[in-house]
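These are the residues of each chain, in order.
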Amino acid sequence: MQQTILVCDDEKEIVEAIAIYLEGEGFRVLKAYDGYEALKLLADEPVDLIIMDVMMPGLDGIHTTLKIRETSSVPIIILSAKSEDTDKILGLNIGADDYISKPFNPLELVARVKSQLRRYTQLGNMGGGQSQAVFKCGGLTINDDNKEVYVDGELIKLTPIEYNILLLLVKNAGKVFSIDEIYEQIWNEEAIGADNTVAVHIRHIREKIEVNPREPRYLKVVWGVGYKIEKQA
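Given the structure is predicted, the values throughout are model-derived calculations rather than measurements.

Visitor: Could you clarify how one ought to interpret the environment of Asp195 in this entry?
Guide: By the element assignment, Asp195 lies in helix H8 (residues 195–209). With a relative accessible area of 45%, Asp195 lands in the partly exposed category. Taking the C-alpha atoms as reference, Asp195 lies 27 Å from Glu148; in sequence the two are 47 residues apart.

What follows is the structure, encoded as structure tokens:
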């Protein structure tokens, strides 16, 4: 089944260039040139992934992403002309799954798209014929067949990256993973400057699963080493 990518950038030449590469890989491409157009297309069409520019007139990429995250966990790759770490963190903070700086290598962008789609597809209800895989840690429960996370019986909504990090830690409760180990297992690429990327996602997970994120019950930091899920009955 053909997958649909929504590309949103106010520079039409960039949208067209991205579309050429994506269509060459067999994707269907929807084009938007500001946040309002992107939201309208998203409301009218099924979309499998979004490529979103940060700086746009009208509704910019930051506020558009925030609006999308109110109702959808569709993968979002942020595009920005700025390459500073603070801008990368901002993109992740607002709910983006990945970030790529302009100017970018189109082949790298296509690879990032495919990588995000693989993760998102794995989070779909794809395991109907498999035995149920349920992982529990105190009041935290993950059903890996239907990709649902519950805390004290309440369904928690996670992005694909957040889910995969939490699943890795819960399946290995008590084991400490370094930042590099988490990054390499989840992103499937070498961890270079991964500290901020992982830390932002860890903070988001804590905000969603912990009653008090500053005094976490489940997701603990082991200073100077990494992160772990505390073993619980």
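Next, the rest of the story.
Visitor: It is not clear to me how the sheet that holds strand S2 (residues 28–32) should be interpreted in this structure. Could you clarify?
Guide: The strands making up a sheet associate through backbone hydrogen bonding, with each pair oriented either parallel or antiparallel. One open sheet holds the five strands; their spatial order is S2-S1-S3-S4-S5, and the pairing between them is parallel. Two strands close off the open sheet at either side, each with one partner strand: S2 and strand S5 (98–101). Taken pair by pair, the neighbouring strands of this sheet meet at an average axis angle of 20°, ignoring direction. Pairing analysis gives four bridges linking strand S1 (residues 4–8) to strand S3 (residues 49–53), with the strands arranged parallel.

Visitor: What am I meant to see in the nonpolar core here?
Guide: For soluble globular proteins, the rule of thumb is that nonpolar side chains tend to be buried together. Core analysis: the biggest nonpolar cluster contains 31 residues, and Ile165 and Leu166 have the highest contact counts within it. Elements supplying a minimum of two residues to this core: strand S7 (140–143), strand S8 (148–151), helix H6 (160–171), helix H7 (179–187), H8 and strand S11 (226–229). What Ile165 contacts, discounting residues up to four positions off in sequence, is Ile182, Ile186, Trp187, His201, Ile202 and Ile205. With 19 residues, the next largest nonpolar core counts Val15, Leu22, Leu49 and Leu79 among its residues.

Visitor: Looking at this model, I keep getting lost on the pairing of S11. Mind explaining?
Guide: Within a regular strand, side chains alternate between the sheet's two faces. Neither face of S11 is open: one carries Gly226 and Lys228, the other Tyr227 and Ile229, and all of them are buried. Counting the residues between successive antiparallel strands, the hairpin from strand S10 (residues 219–222) to S11 contains three residues, one of them, Gly224, with a positive phi of roughly 80°.

Visitor: Explain the environment of Asp60 to me, please; I cannot follow it from the model alone.
Guide: Looking at where Asp60 falls in the secondary structure, it is placed in the loop between S3 and helix H3 (61–69). Along the primary structure Asp60 and Pro75 are separated by 15 residues, whereas in three dimensions their C-alpha atoms are 18 Å apart. Here Ile62 takes part through its backbone nitrogen, which lies 3.2 Å from a polar atom of the side chain of Asp60. At 2.9 Å, the side chain of Asp60 and the backbone nitrogen of His63 are in polar contact.

Calculation notes
- Residues numbered from 1 in each chain as written.
- Predicted model: local features only at pLDDT ≥ 70, side-chain atom pairs only at ≥ 80, totals over all residues.
- Heavy atoms only, no water.
- Helix = DSSP H or I, 4+ residues; strand = E, 2+ residues; numbered from the N terminus.
- Buried < 20%, exposed > 50% of the residue type's maximum accessible area, 1.4 Å probe, protein only.
- Pairing = 2+ DSSP bridges.
- Axes fitted to C-alpha atoms, helices over the stretch in contact; angles between N-to-C directions.
- Core = buried A, V, L, I, M, F, W, Y, C linked by side-chain atoms within 4.5 Å.
- Contact = heavy atoms within 4.5 Å.
- Polar contact = N/O pair within 3.5 Å; in protein donor to acceptor, adjacent residues only side chain to side chain.

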